[in-house]
Amino acid sequence: MSSENKPGLVASHAAYAKGAAEETIGNLTGSAAWQTSGKEIQEEAKSQMREAAERSDRVDTDVSNTRQPTDSLAREGALEQKIGSLVGCEGMEQQGAEKSKVAEQK
C-alpha cells in the first residue's frame, strides 16, 4: 500500500483522541466493551502514528530546517506541543518541542 493510502499524523492523532474518548465513556458508564474498544483504537492509532512519523523521517530528515520561515515553524511547534499535551501524546509533544527548538536556533 502506498503512503498516500496510509493515515498521516493528524488522522492518527484524531483516532487516538477518539479512542481516549471511548475509553473514558466506558470508564464513566462501567461498560467494558467501550473501555476495550477505546484501548484498541488507541493502540492502533499509536501504531499508525509511528508509521507516519517514520515515513516523514524517511522523506526528509531535516525538513524542519528547510520548509518554512522561523516564526511559522515556532508557531507550528508550539501548537503541536499543546495538542500533544491535550491528547496525551508524548511523541507529538516532543516533535513540537523539536520544531520550537529549531526555530529558536535560526
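Structure shown above.
Residues numbered from 1 in each chain as written. Predicted model: local features only at pLDDT ≥ 70, side-chain atom pairs only at ≥ 80, totals over all residues. Heavy atoms only, no water.

**Side note on the overall build of the chain**
What the chain contains, in helices and strands, is five helices and zero strands. Going from the N terminus to the C terminus, the chain shows its helices and strands as α-α-α-α-α. Of all 106 residues assigned to the chain, the portion counted as buried reaches 27%. Counting only contacts in the chain whose residues sit at least 6 apart along the sequence, the fraction spanning at least 24 positions is 50%. When the accessible surface of the chain is totalled, it reaches about 6,900 Å², and 52% of it is carbon and sulfur. (Helix = DSSP H or I, 4+ residues; strand = E, 2+ residues; numbered from the N terminus. Buried < 20%, exposed > 50% of the residue type's maximum accessible area, 1.4 Å probe, protein only. Contact = heavy atoms within 4.5 Å. Areas by Shrake-Rupley, 256 points an atom, 1.4 Å probe, with all protein chains shown as cover.)

**Here we look at the pattern of salt bridges**
In this structure the tally under the stated criterion is four salt bridges. Note that Lys18 is salt-bridged to Glu22, the shortest N-O span being 3.5 Å. Here Lys18 and its partner Glu22 are both found in helix H1 (residues 9-29), four residues apart, which amounts to about one turn of the helix. Across the salt bridge formed by Lys46 and Glu43, the nearest N and O atoms sit 3.4 Å from each other. Of this pair, Lys46 and Glu43 both sit in helix H2 (residues 32-59), three residues apart, which is roughly one turn of the helix. (Salt bridge = Lys/Arg side-chain N within 4 Å of Asp/Glu carboxyl O.)

**Considering H1**
With 21 residues, H1 should cover 30 Å at 1.5 Å per step; its first-to-last C-alpha distance of 30 Å lies within 8% of that length. Within the sequence span of H1, burial applies to Ser12, His13, Tyr16, Gly19, Glu22, Glu23 and Gly26. A positive phi of about 80° marks Gly30, the residue just after H1. (Expected span 1.5 Å × (residues − 1).)

**Some thoughts on the environment of Ile41**
With respect to the secondary-structure elements, Ile41 resides in helix H2. Between the C-alpha atom of Ile41 and that of Ala20, which follows or precedes it by 21 residues, the distance is 8.1 Å. Not counting residues within four places of it along the chain, the set of residues in contact with Ile41 comprises Ala15, Lys18, Gly19 and Glu22.

**Overview of helix H5 (residues 90-105)**
Here H5 spans 23 Å end to end across 16 residues, near enough to the 22 Å set by a 1.5 Å rise per residue. Of the positions making up H5, those classed as buried are Met92, Gly96, Lys99, Ser100, Val102 and Ala103. Angular distribution of buried residues about the axis of H5 spans 160°; they occupy a single face of the element. Exposed side chains of H5 directed beyond 90 degrees from the buried face belong to Glu90, Gln94, Glu104 and Gln105. (Arc of directions from axis to C-beta.)

**Overview of the nonpolar core**
The biggest cluster of nonpolar side chains holds five residues, and these are Tyr16, Ala45, Met49, Cys89 and Met92. The residues touching Cys89, leaving out its near neighbours within four places in the chain, are His13, Met49 and Gly84. (Core = buried A, V, L, I, M, F, W, Y, C linked by side-chain atoms within 4.5 Å.)

In short, the description is geometric, and any link to function would need to be established separately.
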